[in-house]
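Next come the chains, spelled out residue by residue.
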Amino acid sequence: MSESRILITAPSLDTKYNVSGISSLTNFIINNNSSHVYEHFELGKRDNEKRNAGWLIKIIKTTFSWMVVIAAKKKITLVHFNFALSKPSIIRDAPLVLFAKLCKKKMIIHVHGGDYLTNTKPPGWMKFILKKVFSNNIPVIVLSPVEQQAITAEYNLKNVKVLPNCVDLNDAKMFNRTVNKQEVLNILFIGRITKSKGIEYIYQALSSLKKREVPFKFYIAGAGPDEKAYVEKFEALLGKDFEFKGVVAGVSKINLFKTCEIFLLPSLFEGLPMSLLESMSFGLVPVVTGVGSIKYVVKTGENGILVDRNPAEDIDLAIEKFVNDRMLLEQLSINARDYIFKNYNPEEYLIELNKIYEAA
């Protein structure tokens, strides 16, 4: 496919306004896929943006802007539409997809998780809309074989491609981790601070560890609707053993990955989190729920720990085990890093993405 102009949707690409795996991946694609020229169309709620009258007006304005861009810009070769199978996303984004199809724009739909992908069946009216969204053999990208199987069966699709997310590995390549044998372990949560990410499970687990006087330090980085409540709860619980970093990017984010040894993400549902891949590339050991595509990345006892049955209790036990068995932590750290470098190569990702563009 010769150089083309691609319209790509994503939330704000500025980390001051948005902490999003879709934004991180879109930033990576725009900055590294030199075969094409990209135009970003901001679509999605910014962090800490309240769902009020102003937010509704913004959605209406965004819809009109989309219609103008799609109808007027003849030079757009392809629309790369990032789409989450969650209720807010479907209600907001499905009309935009249908309008682009009505205007006969060539497009691909890149699915990024959501509770209606593998976790919950959509209601009848939503399934009807999604069948329209995925109609006409439109190319659909998913993040793992389990997602491919689920979406193919649910909507009778025939053009679903598996393309796991990738991460920029340049900074991780230059970092050689040595797991400390004596010092307090540093634990990290990075991403949207919301209950759907399992932040309450983390609070319960760390409460239990604190009562038993198991030593650790906990870092939170990110922003979200439950930020204020949980930052206050962790400050009250942990005192000097807690540090809130806010939104991090660039050197600050890299240094945080270098500082910490354990990555927590006990989400209720996920696609394939960029934060998981990024942290593992720096040798952090993931302690995560096996939802979405995570189970294809993390294998208990090999490169991390899955905590599906009782997340709070399992996180508690996993951290205590790592505190007492640093050799195990070091081996899982090495394996986590190696797994990302072997399986999530950014150059190969862009080759496969361009093949999908070409087919579209």
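Below or above, wherever it landed, is the structure these notes cover. Here the structure is a predicted model, which is why all the values come from computation and not from measurement.

What follows concerns the packing of helix α7 (residues 199-211) against helix α11 (residues 311-324). Across the interface, α7 lies against α11 with an axial gap of 8 Å and an inter-helix angle of 50°. In terms of their interaxial angle, α7 and α11 are classed as oblique. Judged by the sense of rotation from one axis to the other, the crossing of α7 with α11 is right-handed. Packed against α7, whose contacting residues are Y201, I202, Q204, A205, L206, S208 and L209, the element α11 presents P311, A312, I315, D316, I319 and E320 at the interface. Class assignment of the residues belonging to the contact of α7 with α11 gives a composition of 9 nonpolar, 2 polar and 2 charged.

Excluding glycine, most residues fall at negative phi; most peptide bonds, likewise, are trans. Positive phi outside glycine occurs at N136, with the angle close to 65°. Structurally, N136 can be placed in the loop between α4 (124-133) and β5 (140-142). A positive phi is found at N137, a non-glycine position, where the angle reads about 60°. When you line up the elements, N137 lands in the loop between α4 and β5.

In the structure shown here, the tally under the stated rule is 15 salt bridges. In this structure, E270 engages K197 in a salt bridge whose closest nitrogen and oxygen atoms are separated by 2.6 Å. Remark: K197 occurs in the loop between β7 (185-192) and α7 and E270 occurs in the loop between β10 (262-265) and α10 (274-281); sequence separation between them is 73 residues. Of the two residues examined, E270 and K197, each falls in the buried class. Between E278 and K253 there is a salt bridge; the shortest N-O distance is 3.0 Å.

With that settled, consider the sheet that holds strand β9 (residues 242-246). To summarise the sheet geometry, strands pair through backbone hydrogen bonds and adopt either a parallel or an antiparallel arrangement. Overall, parallel pairing links the 6 strands, which are arranged β9-β8-β7-β10-β11-β12 in an open sheet. Among the strands making up the open sheet, the edge pair consists of β9 and β12 (305-306). When β7 meets β10, the two strands line up parallel, connected through 2 bridges. Bridge pairing in β10 places I187 opposite I262.

What follows deals with the side chain of T62. Inspection of the secondary structure assignment puts T62 in helix α2 (residues 53-72). Classification of T62 by relative accessible area gives buried; the value is 17%. In contact with T62, other than residues within four places in its own chain, are F41, E42 and L43.

Reading across the sheet, the 6 strands line up as β2-β1-β3-β4-β5-β6 and stay open at both edges, with parallel pairing between neighbours. Taken across any chain shown, the strands that pair with only one partner, and hence form the sheet edges, are β2 (37-42) and β6 (160-162). Within this sheet the neighbouring strands show an average axis-to-axis angle of 25°, counted without direction. Contacting β1 (5-10), β2 and β3 (78-83), α2 crosses the sheet at an angle of about 150° to β2. Of the strands in this sheet, β3 and β4 (107-111) are in contact with helix α3 (residues 87-102), which crosses β3 at around 165°.

Let us look at the pairing of β1. Burial within β1 is extensive, with 5 of its 6 residues counted as buried. By the bridge criterion, 3 bridges tie β1 to β3 in an arrangement that is parallel. Each residue of the ladder has a partner; that of I6, found in β3, is L78.

This brings us to α10. The element α10 is largely enclosed, with a buried count of 8 among its 8 residues. What α10 keeps buried is the set M274, S275, L276, L277, E278, S279, M280 and S281. Downstream of α10 by a residue or two, G283 has a phi angle that is positive, lying close to 85°.

Where nonpolar side chains cluster on the molecular surface, the patch consists of L56, I60, F64 and M67 and spans about 380 Å² of accessible area. Structurally, M67 is set in helix α2. By relative accessible area, which is 31% here, M67 ends up partly exposed.

Reading the values: rules and limits
Residues numbered from 1 in each chain as written. Predicted model: local features only at pLDDT ≥ 70, side-chain atom pairs only at ≥ 80, totals over all residues. Heavy atoms only, no water. Axes fitted to C-alpha atoms, helices over the stretch in contact; angles between N-to-C directions. Helix = DSSP H or I, 4+ residues; strand = E, 2+ residues; numbered from the N terminus. Parallel < 35°, antiparallel > 145°, perpendicular 65-115°, else oblique. Left-handed = near helix turned anticlockwise from the far one by under 90°. Contact = heavy atoms within 4.5 Å. Nonpolar A, V, L, I, M, F, W, Y, C, P; charged D, E, K, R; others polar. Salt bridge = Lys/Arg side-chain N within 4 Å of Asp/Glu carboxyl O. Buried < 20%, exposed > 50% of the residue type's maximum accessible area, 1.4 Å probe, protein only. Pairing = 2+ DSSP bridges. Patch = residues over 30% accessible without salt bridge, like charges linked within 9 Å, V, L, I, M, F, W, Y side chains within 5 Å. Areas by Shrake-Rupley, 256 points an atom, 1.4 Å probe, with all protein chains shown as cover.

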